[in-house]
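Spelled out from the first residue to the last, the chains are:
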Amino acid sequence: MLLFEPFNIGHKLELANRIVMPPVVTRLATVEGKVTEELIQRYLLYAQGGAGLVITEAVSVKEQKSGQLLRLNHDEFIPGLKELTDRVHSESDAKIAPQIIHFLKIARSGYRQKVEDLSLEEVKEIPLLFAAAAARAREAGFDAVELHYAHAYTMSSFLSRHNHRKDEYGRSLKGRLRLAEDVVIASRQAVGDDFVLGARINGDEFTLGGNALNQSRPIASRLAELGLDYVSVSAGGRFEDAVPREGEALDPYTGYSGHRSMPPKWMQEKVNVYLAADIRQTLRNGGHSTPVITAGRIPTAKVAEEILQDGQADLIGIARPILCDPYWPKKSREGREKEILKCIYCNECREAEGAFEEVTCVQWKKKDGSIAPPKP
Ligand SMILES: Cc1cc2nc3c(=O)[nH]c(=O)nc-3n(C[C@H](O)[C@H](O)[C@H](O)COP(=O)(O)O)c2cc1C
Ligand code: SF4
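Residues numbered from 1 in each chain as written. Chains lettered and ligands numbered in written order. Predicted model: local features only at pLDDT ≥ 70, side-chain atom pairs only at ≥ 80, totals over all residues.

Asks: Which parts of the structure should I look at to understand the environment of alanine 242?
Replies: The topology assignment puts alanine 242 in the loop between strand 8 (230-234) and helix 7 (256-261). Separated by 15 residues in the primary sequence, alanine 242 and serine 257 place their C-alpha atoms 7.8 Å from one another. Beyond its immediate stretch of four places on either side in the chain, alanine 242 contacts Leu250, Asp251, Pro252, Thr254, Gly255 and Gly258. (Helix = DSSP H or I, 4+ residues; strand = E, 2+ residues; numbered from the N terminus. Contact = placed C-beta atoms within 7 Å.)

What follows is the structure in C-alpha cells.
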C-alpha cells in the first residue's frame, strides 16, 4: 500500500510512511508553556504507534496566556522541547514538527480582538515572532516547522475575506496575503533552505462571505511560489458563526464552521478531502510539486489509501483516530484492524480541550474507572 511507503518532503526530510498525526492540543504542557513528562509520554505514544510524521499541538510564538499550551517565544523553552525531540528520535522512527501559532486576545467578557485592532507596529512584529520561534524549533531538534495559517487565529484572519483592514495588510487578496508572505520569508531566513517549512491553511472557511476555494487556491499557489515545502489543507474553525455560551469566551469550534474542522460522526467520511485535492491540482497546474496533506474523517487505512491512489493528497492526516488508538498506523500496517480501538467521532476530546482539561479519548476509560490508551 502507498500509505506505508516512505515519502520525501522536498528532498529534505524522509518519512517512513505517509501517515501524519496532525496537531491536536493535549493540555499537558504547564500553564507557563513548558514541556512535562506527561506531554513527552503522549507524543512518544503517537510516535511509537507508527505515524511517519507527528506534528505537535499549536505552540505559541508569543508571550500570552492560553492555558496549558506549549510556547516557543523565548530560549528558555528550548531545553524542554529538545528533550521531547531527542526522546522521539531515539525511541521511534517518527519525525516531529511543531505547529507554530500567533493568536489574538479573547476574554470571557465577550471581548475579541480582531486583525483590524492591531497597530502597524504590532503587525510588523508578527514575522519576527514566527521567525524567532522557527529558529528555536530547529535548535530544539525538530525536523520541520508548520506555520498555522488555518482556523480562527491571526494568520488565517489576515488571509480571510473577513479581514477589513484599510491599509496594505487588507483591502484585496494581495493585501490580505502580505503578512502570510512576510512570515514565510522571515521564517525561511531563520531556518535556512535545507529545513522543511510547511503551512496549514483553510481550503474553505465555511462562513458566510469568508474564504472559499476561490481564495485558497491563489493563497496556496503564492505560498508554494515562496518555497513552502508542504501545504496542509484544513477547513473552518472560524469565530464568525461560533455559538456564544454564557460566561465563557467565544469558542470558534461551536458553529458549523468549527464543526467542519473536526468533522463529527454526522458528517460523511473524507468530508474535506476535495479541498486538498483541488488545491493539489491547482499547485500541479501551476508547476508546483509541493506535497499536500489532507485530514478530516478518514477512519481507516483503506480510505486513506483510496485518497492516495486517486492523487487527492500526498500525505494523510489521521488525528482523532490516532488519539483514540495511537497504534492505528502499526495495527493497520500489520493487518490487525480488528484490534484498533475505533474513533466514534463524538468530539468529547475537543470538548475537553475547550475546557482546558487534559485531552484523552473517552474510550480510554476502563470499567474500574482508570484511564489508559490501548495496548500496542
Ligand atoms: C482536541 C483537538 C485539538 C486540536 N488541535 C489542533 C491544533 O492545535 N491545530 C490544528 O491545526 N488543528 C487542531 N485540531 C484539528 C486536527 O488537527 C484535525 O485536523 C481534525 O481533528 C480533523 O482530523 P480527524 O478527523 O482525523 O480528527 C485539533 C483537533 C482536536 C480533536
Ligand atoms: S473522544 Fe471521541 S472523537 Fe475524540 S478520539 Fe475519542 S472517540 Fe474520537
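Still more ground to cover, so stick around.
Asks: Explain the nonpolar core here, please?
Replies: As a rule of thumb, nonpolar side chains are buried together in soluble globular proteins. The biggest cluster of nonpolar side chains holds 108 residues, and the ones touching the most others in it are Ala51, Val54, Ile100, Phe130, Ala134, Val231 and Ile316. Ranked by residues supplied to this core, first place goes to helix 3 (residues 120-139) with eight residues. Leave out the neighbours within four places in its chain, and alanine 134 touches Ile100, Val145, Ser187, Ala190 and Val191. (Core = buried A, V, L, I, M, F, W, Y, C linked by C-beta atoms within 7 Å. Buried ≥ 20, exposed ≤ 12 C-beta atoms within 10 Å, placed from the backbone.)

Asks: Please clarify how helix 3 should be interpreted in this entry.
Replies: Since the α-helix packs 3.6 residues into each turn, any two residues three or four apart lie on the same face. The first and last C-alpha atoms of helix 3 sit 30 Å apart over 20 residues, in line with the 28 Å expected at 1.5 Å per residue. For helix 3, the complete set of buried residues consists of Ile126, Pro127, Leu129, Phe130, Ala131, Ala133, Ala134, Ala135, Arg136 and Ala137. The inward-facing, buried residues of helix 3 abut helix 2 (78-91), strand 5 (95-101), strand 6 (144-149), helix 4 (154-159) and helix 5 (173-191). Glycine 141 occupies a position one or two residues after helix 3 and carries a positive phi of about 90°. (Expected span 1.5 Å × (residues − 1).)

Asks: Any chance you could explain the site of ligand 2 here in plain terms?
Replies: Contacts to ligand 2 come from 13 residues, most closely from Cys324, Cys343, Cys346, Cys349 and Cys361. For the shell around ligand 2, the secondary-structure elements that each account for two or more residues are helix 10 (320-324) and helix 12 (348-354). A total of three residues in the shell around ligand 2 trace back to one element, the largest contributor, which is helix 10. Taken together, the residues that form the shell around ligand 2 break down as nine nonpolar, two polar and two charged. (Near = placed C-beta within 6 Å. Nonpolar A, V, L, I, M, F, W, Y, C, P; charged D, E, K, R; others polar.)

Asks: What am I meant to see in the sheet that holds strand 4 (residues 53-60) here?
Replies: Sheets are built from strands that pair by backbone hydrogen bonding, the pairs being arranged parallel or antiparallel. Strand order around the closed barrel formed by eight strands is 3-4-5-6-7-8-9-10, with parallel pairing between neighbours. Shown here is a sheet whose adjacent strand axes are inclined to one another by a mean of 25°, direction ignored. Across two bridges, the pairing between strand 3 (residues 19-21) and strand 4 is parallel. Opposite methionine 21, over in strand 4, you have valine 54 as the bridge partner. Contacting strand 3, strand 4 and strand 5, helix 1 (residues 37-48) runs over the sheet at an angle of about 150° to strand 4. (Pairing = 2+ DSSP bridges. Axes fitted to C-alpha atoms, helices over the stretch in contact; angles between N-to-C directions.)

Asks: Mind showing me how you'd approach the packing of helix 1 against helix 2 here?
Replies: If you want to describe how two helices pack, look at the angle between their axes and the distance between the axes. Relative to each other, helix 1 and helix 2 sit at 30°, their axes nearing to 10 Å. Taken as axis vectors, helix 1 and helix 2 run roughly parallel relative to one another. Regarding helix 1 and helix 2, the two cross each other, and that crossing is right-handed. Across the interface between the two elements, Ile40, Tyr43, Leu44, Ala47 and Gln48 from helix 1 touch Glu83, Leu84, Arg87, Val88 and Glu91 from helix 2. A per-class count over the contact of helix 1 with helix 2 returns six nonpolar, one polar and three charged. (Parallel < 35°, antiparallel > 145°, perpendicular 65-115°, else oblique. Left-handed = near helix turned anticlockwise from the far one by under 90°.)

Asks: Which parts of the structure should I look at to understand the pairing of strand 6?
Replies: Regular strands place side chains that alternate from one sheet face to the opposite one. Buried residues dominate strand 6, accounting for six of its six residues. Burial along strand 6 is two-sided: Ala144, Glu146 and His148 and Val145, Leu147 and Tyr149, pointing in opposite directions, are all buried. Sheet analysis places strand 5 next to strand 6, joined by two bridges and oriented parallel. Bridge pairing in strand 6 links isoleucine 100 to leucine 147. At this point the chain moves from strand 5, through helix 3, to the parallel strand 6, and the crossover so formed is right-handed. Sheet analysis places strand 6 next to strand 7 (residues 196-202), joined by six bridges and oriented parallel. Looking across to strand 7, one finds that leucine 147 is bridged to alanine 199. (Right-handed = clockwise from strand over helix to strand, strands pointing away.)

Asks: Please explain the packing of helix 6 (residues 213-225) against helix 8 (residues 273-285) as it appears in this structure.
Replies: Here helix 6 crosses helix 8 at 50°, and the two axes come no closer than 9 Å. With respect to each other, helix 6 and helix 8 are oriented oblique. At the point where helix 6 passes helix 8, the crossing takes the right-handed sense. Residues Leu213, Ser216, Arg217, Ala220, Ser221 and Ala224 of helix 6 form the contact with helix 8, whose participating residues are Leu275, Asp278, Ile279, Thr282 and Leu283. Residue composition of the contact of helix 6 with helix 8, by class: six nonpolar, three polar and two charged.

Asks: When you look at the site of ligand 1 in this model, what are you seeing that I'm missing?
Replies: As a matter of local geometry, ligand 1 sits amid 27 residues, with Pro22, Pro23, Ala58, Ala319 and Arg320 nearest to it. If you list the elements that add at least two residues to the shell around ligand 1, you get strand 4, helix 10 and helix 12. Of the residues forming the shell around ligand 1, the biggest block, three residues, is contributed by helix 12. A class-by-class count of the residues in the shell around ligand 1 yields 15 nonpolar, six polar and six charged.

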